[in-house]
Amino acid sequence: MTYHIKNSLQVIIRLLTVLSIITLQLHGQVKMYWTSYVGDHIIRANLDGTQKEALVTGLNDPSGIALDLNENKLYWTDSQNSRIQRANLDGSEIETLVDELGGSPFGIALDDDKMYWTNYNPQQVSKIQRANLDGSEVEDMITGAELDYLGLIFLDKVSEKMYWTNFFNGAIKKANLDGSNIETIHDNIGFPWGIVLDLPNDKMYWTKAVVHSAISRSNLDCTEVENIITDLSDFPNAIALDTAESKMYWTYFEGDIIVQRANIDGTEIETLSTGLTGSEGLVLDLMVATGVFNNNEGSGTFMLSNNYPNPFQHTTKFEYKLQEKASVQLNIYDIKGKLIRQLVNAVQIPGNYVVEWNKIDLNNQLAPTGVYTYCLKVDQKLKSRKMILID
């Protein structure tokens, strides 16, 4: 079938990439997680700082932190014991995945089936490494003295790039996910530690600590560098974005303030948590859709295929398979995380299922053209994919 598409194929691809970050509330109240090397624990709280709870305690020096929301897992680096660990999102079932790394692993970020981390080693050689999510097949991706004092790391899955900070060199660098094509993006910018990308708006944000503490940003092409928050009293460290709500969050290395947030332009700063500081890692409980479709991805008890057709004009079908009896929800969200339609909400027996959507939303109106996410939740596990509705 031939579809009439108003814009070129490049526009469709741009929709899949520029509109790549889609925020969904997955676990009831959206949460943030941060590490504390002073308190030797990992904390979880609501995005407004309420209902703070210690999930994992008795750690030595937790630093970077990352979430796998598909598998309900929490990953972190232990810079003192030179290892990487993970647990369930409630802090239970702690596992050591990689041990005896021979340095201080700080930042960590997850790809679909890989984890990447920075490993600072002043005695030998610093590295950026990766492994499977279960800790197997550890690889050295980038090595060398030029890595200097490695900070945090961010993955752009759409462009297949990794970004990281070099603290003492005052630099931000990027490379392909396979470690090739290393580029220096920014140089002589103070002491950058945390880094995050705002892909929908082509922006990069980073924290600067020690001297003239600030939060800065630039375009992804390195133009229009600006300090959006200046004269911070202590050392801002990790940083995270909620692009749907136009908010940024950051933690502190020292002082009495643990977490603050502001509008994405730096205005309206709020203090969300105080107490034991020393946080080098922060992550928000948000589903990040990358624009990359994986066929028949499942989690053992169910499988979700790509919708077809995609892009679509009038109707599209969703196919999934259940291995066990389970409570099932199939929902459609817009790019702001608003529920557009619930197609399934029932307890279903094992088998193959096909569900059709005719563009009708919750108000029995035709949904507008654009990018949507469909999410299949089976008991407490969730898989999501992206689709495009066109004229």
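Residues numbered from 1 in each chain as written. Predicted model: local features only at pLDDT ≥ 70, side-chain atom pairs only at ≥ 80, totals over all residues. Heavy atoms only, no water.

## Describing the overall build of the chain
Then, in step 1: Helix and strand counts for the chain come out as one helix and 32 strands.
Then, in step 2: Expressed as a percentage of contacts within the chain between residues at least 6 apart in sequence, the contacts between residues at least 24 apart total 44%.
Then, in step 3: Total accessible area computed for the chain in this model is approximately 16800 Å², and 44% of it derives from carbon and sulfur atoms. (Helix = DSSP H or I, 4+ residues; strand = E, 2+ residues; numbered from the N terminus. Contact = heavy atoms within 4.5 Å. Areas by Shrake-Rupley, 256 points an atom, 1.4 Å probe, with all protein chains shown as cover.)

## Section: the sheet that holds strand β23 (residues 270–274)
Then, in step 1: Strand order in the open sheet formed by four strands is β20-β21-β22-β23, with antiparallel pairing between adjacent strands. Only two strands of the sheet have a single partner each, and these edge strands are β20 (236–242) and β23. Each neighbouring strand pair of the sheet contributes to a mean axis angle of 20 degrees, computed without reference to strand direction.
Then, in step 2: Sheet topology note: the strand β22 (residues 257–263)/β23 ladder contains four bridges and is antiparallel. Considered in β23, the bridge of R261 is made with E270. (Pairing = 2+ DSSP bridges. Axes fitted to C-alpha atoms, helices over the stretch in contact; angles between N-to-C directions.)

## Focus: the side chain of S82
Then, in step 1: Mapped onto the secondary structure, S82 falls in the loop between β5 (73–78) and β6 (83–88).
Then, in step 2: Other than its neighbours up to four places away in sequence, S82 contacts V98, D99, E100, L101, G102, G103 and P105.

## Some thoughts on the packing of aromatic side chains
Then, in step 1: Scanning all chains against the criterion turns up 14 aromatic pairs.
Then, in step 2: When the centroid spacing of 5.8 Å and the interplanar angle of 15 degrees are considered together, the rings of F106 and Y149 count as stacked. Within this pair, whereas F106 is found in strand β8 (residues 104–110), its partner Y149 is found in the loop between β11 (139–143) and β12 (150–156), the two being separated by 43 residues in sequence.
Then, in step 3: Taken together, the ring pairs in this structure connect F106, Y120, Y149, F167, F168, F191 and W193 into an aromatic cluster. (Phe/Tyr/Trp six-rings, centres within 6.5 Å; stacked < 30°, edge-to-face > 60°.)

## Regarding the pairing of β5
A regular strand places its side chains on the two faces of the sheet in alternate fashion.
Then, in step 1: Counting buried positions along β5 yields six of six residues, so the element is predominantly enclosed.
Then, in step 2: Here β5 shows two buried faces, one formed by K73, Y75 and T77 and the other by L74, W76 and D78.
Then, in step 3: Pairing of strand β4 (residues 62–68) with β5, which is carried by five bridges, proceeds in the antiparallel orientation. Considered in β5, the bridge of D68 is made with K73. (Buried < 20%, exposed > 50% of the residue type's maximum accessible area, 1.4 Å probe, protein only.)

## Concerning the confidence of the model for the chain
Then, in step 1: Confidence along the chain averages 84 in pLDDT terms, with 87% of residues attaining 70 or more.
Then, in step 2: Taken together, the stretch residues 1–28 has pLDDT below 50 and engages in 72 contacts with residues farther than four places along the chain or on a different chain.
Then, in step 3: Contacts for the low-pLDDT stretch residues 288–298, under 50 throughout, to residues beyond four places or in other chains number 36 contacts. (pLDDT = per-residue confidence, 0-100.)

## Quick word on the nonpolar core
Then, in step 1: Of all hydrophobic cores here, the largest spans 23 residues; its most connected members are M204, Y205, I215, I229, M248 and W250.
Then, in step 2: Broken down by secondary-structure element, the contributors of at least two residues to this core are β16 (192–198), β17 (203–208), β19 (226–229), β20 and β21 (247–252).
Then, in step 3: Core analysis: the second largest hydrophobic core is formed by 22 residues, Y320, A367, Y374 and L389 among them. (Core = buried A, V, L, I, M, F, W, Y, C linked by side-chain atoms within 4.5 Å.)

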